[in-house]
Amino acid sequence: MDVKIQELMETSGVKFGTSGARGLAVDMTDFVCYAYTQGFLQYLESQGAITSGQTRVAIAGDLRPSTERIMRAVARSISDRGYEAVNCGTIPSPAVALYGIQHQIPAIMVTGSHIPADRNGIKFNKPTGEILKDDEAGIRSQCVSLDEGLFIEGRDFAQDSLADWPIDPTARDAYVQRYVEAFAPDCLADFRIGVYEHSAVGRDLLVEIYQGLGAEVIPLCRSQSFVPVDTEAIRNEDIMLAQAWANEQSFDAIVSTDGDSDRPLIADENGQWLRGDIAGILCAQFLGADSVSTPVSCNTAVEKCGRFQEVRRTRIGSPYVIASMQEAVAAGSKVVVGYEANGGFLINSDIQLDDQVLKALPTRDAVIVHLGILLLSSQEGLSLAQLKESLPSRFTASDRLQNFPPAQSQAILTYFNSGDPEQDRIRIDETFGELSGTCHAIDTTDGIRITFANDEIIHLRPSGNAPEFRCYTEADTENRAQQLNQQCLEILAGSLQL
């Protein structure tokens with residue numbers, strides 16, 4: 001049976017993009033996961049990146065209930081195509097990506113990141129790292145031939161052929177060693193750190209790494225069921241938990257991650273979580289970056305602080321950040337990093353740290369953000385709260401309108417980006433003038449980002465993979481950024497007639 005990947009995306013309910021395939025776990029049948037993996041491998045073969053019979057493929061997963069079944073479906077697809085499926089177990093996304101890069105083999109992570117437990121996903125990495133936009137198009141275009149007899153009614157396997165599939169700990173151990181060997185063994189000796197474990201797949205590794213670097217580590221709130229912690233939209237209960245822990249236990253910092261442990265959370269000594277784009281600035285400062293790539297939606301404190309030779313703005317999404325970093329390296333920059341609003345931090349250069357070298361890892365990673373901020377705190381003699389206050393006073397907020405028709409989202413963008421700059425400014429002033437005054441500049445890198453004469457920012461953008469319309473705002477105070485965000489959403493939801 002021939003299966004076109006593009007058509008399967010449209011009929012299965014499991015969408016595919018540069019973040020991988022994602023959907024309801026019940027829709028991620030053995031058939032769908034097997035076919036997507038075949039499409040990925042066939043694409044790599046077409047590019048000459050892998051050769052059947054000579055390549056291993058690494059697989060890991062998070063702690064969702066559906067993850068093990070999906071890992072087995074992926075492994076069966078790998079094996080049937082003539083490759084060896086290496087079971088790396090339940091480890092962070094950056095750990096399996098690092099293993100793939102080190103061994104120059106594909107790496108696949110089964111994870112839904114921060115989305116609810118009834119959903120899951122598959123993230124594909126080439127031997128050189130994450131798939132980019134061109135790769136996404138190449139995988140979508142594949143047509144794969146499958147044996148119908150493998151499946152019952154086009155869903156689950158007729159027979160499980162992977163009953164015995166032992167875990168290889170090499171990837172896990174290499175990820176731990178990456179950090180305990182690159183940094184001095186007692187560099188965190190002065191820190192008392194709370195690790196909010198919940199259901200993060202990297203929870204044990206975080207404790208092991210930070211204890212290995214000398215910190216006093218206190219594990220907190222381990223969960224047996226999956227908790228959808230989103231580092232870009234932190235839940236009220238997580239805000240309250242951090243503040244309570246800080247008040248009760250006198251931590252220097254509280255750290256955590258999302259479900260697959262590629263995006264960090266870090267709270268200061270007062271239990272206040274740092275936004276990801278602030279954490280990214282501080283980590284980049286510690287690493288001595290001369291070029292920083294970051295999406296256009298991130299806080300402008302990165303430019304205003306004056307700490308970096310170059311700041312490159314990109315569209316939203318790690319593939320765009322990676323492409324920008326690659327361009328920076330080609331242009332001659334020496335310490336090239338990138339970060340996103342969700343806190344994910346990427347390193348595209350080998351970085352000298354005293355007597356050791358931290359090797360490049362151009363995929364989202366949480367541990368380097370925790371370490372970078374903690375060690376910057378030690379280096380500067382400042383608490384985490386004081387580090388945050390050392391940056392220009394700029395605050396961001398973000399929210400979204402859900403169940404918002406894509407056609408209406410596009411109509412809004414067209415209304416403010418008609419091709420007539422003068423008309424666009426008039427419309428912006430008429431719509432948002434009472435909130436922020438006159439329009440000063442318009443950026444259409446990703447959606448429409450408006451800077452007003454009072455230096456406030458409103459950024460409007462449809463979601464790339466859901467019927468949602470997102471609004472990002474920036475102002476000189478946290479309350480004002482949040483207030484402006486809410487006011488903009490009210491305008492978009494009700495009074496704006498196009």
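Residues take numbers from 1 onward in each chain, read along the sequence in its written order. Note on the predicted model: pLDDT of at least 70 is required for a residue's local features to be given, and 80 or more for side-chain atom pairs to be given and counted; whole-chain, interface and lining totals, by contrast, use all residues. In computing side-chain properties, one takes all heavy atoms of the structure into account and sets aside hydrogens as well as water.

K.L.:
Quick rundown of the overall build of the protein? Include the residues and the values.
P.N.:
In DSSP terms, a helix is any run of H or I states spanning at least four residues, a strand is any run of E spanning at least two, and both are numbered starting from the N terminus. When helices and strands are counted, the protein shows 16 helices and 27 strands. The quantity called the radius of gyration is restricted to C-alpha atoms. Its globule counterpart is 2.2 Å times the number of residues to the power 0.38. A globule of 498 residues ought to have a C-alpha radius of gyration of about 23 Å, and the protein, at 23 Å, matches this closely. In terms of overall dimensions, the protein has C-alpha extents of about 65 × 60 × 45 Å along its principal axes. For the protein, with 498 residues in total, the buried portion stands at 57%. Contacts are residue-level and defined by heavy atoms, with any inter-residue pair within 4.5 Å sufficient. Taking as baseline every contact in the protein between residues at least 6 positions apart, the subset at least 24 positions apart corresponds to 67%. Total accessible area on the protein stands at roughly 19,700 Å², and carbon and sulfur atoms take up 45% of it. Across the protein, 40 positive and 69 negative side-chain charges occur, with their mean positions spaced 3 Å apart. Relative accessibility thresholds used throughout: buried, under 20% of the residue-type maximum; exposed, over 50%; partly exposed, between the two (1.4 Å probe, protein chains only). Only the protein chains shown count as cover for residues, and all accessible areas are computed by the Shrake-Rupley method using a 1.4 Å probe. Think of it this way: Lys and Arg go in the positive column, Asp and Glu in the negative one, and His and the chain ends go nowhere. Note on charges: their place is set at NZ of Lys, CZ of Arg, CG of Asp or CD of Glu.

K.L.:
If you had to explain the nonpolar core to someone new, which residues and values would you point to?
P.N.:
Counting 72 residues, the largest nonpolar core has Phe183, Leu188, Tyr210, Phe345 and Ile368 as its most contacted members. In this view, Tyr210 contacts Leu188, Ile193, Ala215, Val217, Val255, Val367, His370 and Leu371; residues no more than four positions away in its chain are not counted. Nonpolar cores are built from buried Ala, Val, Leu, Ile, Met, Phe, Trp, Tyr and Cys residues. Side-chain atoms within 4.5 Å join them into one set. Residues Tyr43, Met71, Ile78 and Ile108 belong to the second largest nonpolar core, which totals 41 residues.

K.L.:
A description of the packing of aromatic side chains should follow, citing residues and the corresponding values.
P.N.:
Pairing of aromatic side chains requires ring centres within 6.5 Å, counting the rings of Phe and Tyr and the six-membered ring of Trp. Pairs whose planes differ by under 30 degrees are stacked, by over 60 edge-to-face, and all others tilted. Scanning the entire structure with this criterion turns up twelve aromatic pairs. Here Phe31 and Phe151 contribute two aromatic rings whose centre-to-centre distance is 5.2 Å and whose plane-to-plane angle is 85°, an arrangement assigned as edge-to-face. Of the two residues, Phe31 is situated in helix α2 (residues 30-46) and Phe151 in strand β10 (residues 151-152); the sequence distance between them amounts to 120 residues. In this structure Phe151 comes out as buried when scored by relative accessible area, which is 8%. Three or more aromatic residues joined by ring pairs make a cluster, and in this case those are Phe16, Tyr36, Phe40 and Phe124. Taking the ring centre of Phe157 as reference, the NZ or CZ of Arg76 above it sits at 4.4 Å. Look at NZ for Lys and CZ for Arg. If either is within 6 Å of the ring centre and within 35 degrees of the ring normal, a charge sits over the ring.

K.L.:
Tell me about the sheet that holds strand β23 (residues 395-401), and please be specific about residues and values.
P.N.:
Criterion used throughout: strands pair if DSSP finds at least two bridges between them. Strand order in the open sheet made by the five strands is β23-β27-β26-β25-β24, with antiparallel pairing throughout. Every other strand in the sheet has two partners, leaving β23 and β24 (439-443) as the edge strands with one partner each. Averaged over all neighbouring strand pairs, the angle between strand axes comes to 15°, with direction disregarded. In this sheet, strand β25 (residues 448-452) lies alongside β24 in antiparallel orientation, the contact comprising four bridges. Paired with Ile442 across the strands is Ile450, a residue of β25. Orientation is described by lines fitted to C-alpha atoms, with helices fitted over the stretch in contact, and by angles between N-to-C directions that extend from 0 to 180 degrees. Those strands touched by helix α14 (residues 406-416) are β25, β26 (457-462) and β27 (469-475), and its axis lies near 135° from that of β26.

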